[in-house]
Amino acid sequence: MTLASIIEPYVGKTGGLISALHAVQKEHGFLPEDTEAVAADVFNLTRAEVKGVISFYHDFKRAPQGETVVRVCAAEACQATGGRALVAALEKKFALKMGDTSASKDLTLEPVYCLGLCSCAPSAMVGDRLVARANADKIGAVVEKTKKERAS
Amino acid sequence: MTALTLYLPLDSAAVALGADELADALVREADKRKLDLKIVRTGSRGMHWLEPLVEVEKDGKRIGYGPVDEGDTASLLDAVMGDGKHEKSVGAVEEIPFFKNQTRLIFGRCGVIDPLSVEDYEKHGGNAGLDKALKMDSAAICEEVFESGLRGRGGAGFPAGIKWRTVAGAEADQKYIVVNADEGDSGTFADRMIMEGDPFILIEGMTIAGVAVGATEGYIYLRSEYPVAARVLNDAIADARKAGLLGENVRGSGKAFDIEVFIGAGAYICGEETSLLNSLEGKRGEVRSKPPLPALEGLFGKPTLVHNVISLCSVPAILEKGAKFYRDYGMGKSTGTMPFQIAGNVKHGGLYETAFGLKLRELVEDIGGGTLNGRPVRAVQIGGPLGAYLSPRLFDLEMDYETMAANGAGVGHGGIVIYDDSVNLLEQARYAFEFCVEESCGKCTPCRVGSVRGVEIMDRIKEGVEHGKNVDVLEDLCELMVDGSLCAMGGMTPIPVQSAVKHFPEDFGIKPAKQAAE
Ligand SMILES: Cc1cc2nc3c(=O)[nH]c(=O)nc-3n(C[C@H](O)[C@H](O)[C@H](O)COP(=O)(O)O)c2cc1C
Ligand code: SF4
Ligand code: FES
């Protein structure tokens, strides 16, 4: 599917540009460079306007992400249950800093601010899998499982 | 084949603790036994330390087992098919004190019914409020809400009835209902739980609001971190259309109302209502200056009723049972019930719906059971990242809007995050600034730049660099942010900071002189 054909169905919809960007990202895993120009054209906006929207939201990524994205909650309820130590342990385990993607592009580690799992913290999301009462081993196991599923 | 029905939550918290894998394992085990197993995926009861909580109906009561893991499947099926005894049995779920002592005006069905069954919803009292509303004129509905004393549950606590009157009174060719389901506050998950566990109550509340103020279109602005809620809501809306609850002719009343779900893109500030409206228009989520009020010029410049999920979910009971019934719960100007969310380092974390007026101590110690690891509670933060840090010295305060405000705190969206004695409040205060750096919309300087300065100052205080001077600078900075910020993001970031300094001065290297005088 071309970028234009992904984006076009959202013209005229409420908040269409944001939904269109979500759709592009779902298809490509990030927003390819042309997204800005194509979306501007399709929505009849300036490139600056589209760029302004893309840069405003945490969800929108302008560079390819790792095949598996591990999002670790960095907010208060998770801090109260060892979240800071969990982040340190994951950075060590995956030899990655928060916000970075591995050179082989297999993994991205990034913070997220609350997953609504604050009563069973700390929490994380591996791909689209939620993990509560998380620790580095548990997250590692889910990462392995996710990788295996993709391979098969 | 013998048949068996089990109830197991589809709620994100249960799923994050293994509910989906458990469901698969139960089906495999049942197949082995040639057992005709039906698993009804419900919402969560809110006792998250028991999740995944499996329930089975026996003699008209739901008996629970939890937390159940995949390894328990064989013994669990033995138990429920036999005498019911199992080491993970928790007995009748509704007899557990945590559950039994609640007043569930909103969450009554959550965890009980199949969230995607209109039939279940109505069998358990659903749509009674809507049916009453459809027989009333719009002014009378607004008055009922006004008389109930309901205040917005999103954080600000503004009287709902006043907003309803304003939107109802505005002349326009189009008006909107917008649900704020951005639920960005850490320590909160009530919106998520009700959307996942009883979506029709939100649809009912929105429809009543639409009828009352004359809006035919509703949007649910849902944060992207809630994929389960997105799925449930979209399915529920489709079912509601089929059942004639939404569409051109709601329940045969001749009135039109329909709903769409919009997924946000990861920005805490988009929980602020004017930022949310910009985002819903597909723009950057920058905060708008008020006035104009969204009630008069909101989405696409049209009169818009913006409400938090829980505010709207409170409405069906108000219409069904009347304003007086609702107002009789709570204390003073804090009427009705609030789903408190007990989170962080806590033994019995989860959702506890009760009338306003409970003491903080009851929530933290009696209901929450203290910390998970058994260490002493040292601090709680109430009302999300912009909420105050309080020490146990203040645990006798009542949880209602006025008492909290009088003590420099706020109920917010009802989240309580508990910390043990290993917490360092300077770190927490620094984080409050960091979060503001990360999430500021950038429109005004005190917030955008002040938060960056705040982080630097915290580091200097921590390192003892010109300590006294930096403590003073911190105070000035906080004052500047309070006075000069356009919205509460910058305006309230000083609350966690200054409450931390006030109640835990020792963590900032400040002699607790004031404390002694208190
Ligand atoms: C920074 C900021 C974040 C907010 N986040 C939320 C939120 O996530 N959910 C919410 O309902 N209200 C949030 N609010 C409050 C809204 O601006 C608004 O008061 C609320 O949606 C009105 O609905 P209510 O009257 O039902 O509370 C936030 C406010 C600010 C300043
Ligand atoms: S206070 Fe912060 S978030 Fe609010 S409008 Fe100003 S810059 Fe934006
Ligand atoms: S604070 Fe981490 S899940 Fe809510």
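Criteria and thresholds
- Residues numbered from 1 in each chain as written.
- Chains lettered and ligands numbered in written order.
- Predicted model: local features only at pLDDT ≥ 70, side-chain atom pairs only at ≥ 80, totals over all residues.
- Heavy atoms only, no water.
- UniProt positions renumbered as here; feature names shortened; annotations may be inferred.
- Helix = DSSP H or I, 4+ residues; strand = E, 2+ residues; numbered from the N terminus.
- Polar contact = N/O pair within 3.5 Å; in protein donor to acceptor, adjacent residues only side chain to side chain.
- Contact = heavy atoms within 4.5 Å.
- Axes fitted to C-alpha atoms, helices over the stretch in contact; angles between N-to-C directions.
- Parallel < 35°, antiparallel > 145°, perpendicular 65-115°, else oblique.
- Left-handed = near helix turned anticlockwise from the far one by under 90°.
- Nonpolar A, V, L, I, M, F, W, Y, C, P; charged D, E, K, R; others polar.
- Phe/Tyr/Trp six-rings, centres within 6.5 Å; stacked < 30°, edge-to-face > 60°.
- Buried < 20%, exposed > 50% of the residue type's maximum accessible area, 1.4 Å probe, protein only.

Going by the annotation in an unreviewed UniProt entry, the name recorded for chain B is Formate dehydrogenase, with Hyphococcus luteus given as the source organism. What the UniProt record of chain B gives under Sequence similarities (unreviewed entry) is the line "Belongs to the complex I 51 kDa subunit family."

Per an unreviewed UniProt entry, chain A is named NADH-quinone oxidoreductase subunit E, and its organism is Hyphococcus luteus. We quote the UniProt Sequence similarities (unreviewed entry) comment for chain A here in full: "Belongs to the complex I 24 kDa subunit family."

A.B. asks: Any chance you could explain the side chain of T371 of chain B here in plain terms?
C.D. replies: Residue and element names in this part refer to chain B. The residue T371 is located in the loop between α16 (360-367) and β14 (377-382) in this model. Among the polar contacts listed, one links the side chain of T371 to the side chain of N373, at a separation of 3.1 Å. A polar contact of 2.6 Å, which involves the side chain of T371, links it to the backbone oxygen of R375. If sequence neighbours within four positions are ignored, T371 has contacts with N345, V346, K347, P376, V377, I418 and D420.

A.B. asks: I'm lost on the packing of helix α10 (residues 199-213) of chain B against helix α11 (residues 227-242) of chain B in this one. Help?
C.D. replies: A pair of packed helices is characterised by two quantities: the angle between their axes and the separation of those axes. Residue and element names in this part refer to chain B. Across the interface, α10 lies against α11 with an axial gap of 9 Å and an inter-helix angle of 60°. As far as their axial angle goes, α11 and α10 are oblique. Classified by chirality, the crossing of α11 by α10 is right-handed. Counting all contacts with α10, which are made through P199, F200, L202 and I203, the residues of α11 involved are V232, L233, A236, I237, D239 and A240. Looking at the contact of α10 with α11, its residues break down into nine nonpolar, no polar and one charged.

A.B. asks: In this structure, what is going on with the packing of helix α18 (residues 425-439) of chain B against helix α22 (residues 494-503) of chain B? I would like to understand it.
C.D. replies: All names here are of chain B. Look at α18 against α22: their axes get within 8 Å of each other, and the N-to-C directions meet at 165°. On the basis of the axis angle, α18 is roughly antiparallel to α22. Classified by chirality, the crossing of α22 by α18 is left-handed. Of α22, the residues touching α18 (which contributes L425, A429, A432 and F433) are P496, V497 and A500. Considered class by class, the residues forming the contact of α18 with α22 number seven nonpolar, no polar and no charged.

A.B. asks: Got a minute to help me understand the packing of aromatic side chains in this structure?
C.D. replies: Pairs of aromatic rings are described using the distance from one ring centre to the other and the angle between the two planes. Inspection of the entire model under this criterion finds 15 aromatic pairs over all chains. Plain terms: the ring middles of F56 of chain A and Y57 of chain A are 5.0 Å apart, the flat faces sit at 70° to each other, and that makes the pair edge-to-face. Judged by its relative accessible area of 13%, F56 of chain A falls in the buried class. Seen in terms of ring centroids, F340 of chain B and F356 of chain B are 6.3 Å apart; in terms of plane orientation they differ by 85°. Their pairing is edge-to-face. Taken together, the residues F340 of chain B in strand β12 (residues 337-344) and F356 of chain B in the loop between β13 (350-355) and α16 connect sequence positions 16 residues apart. Under the relative-accessibility criterion, F356 of chain B is labelled buried at 4%.

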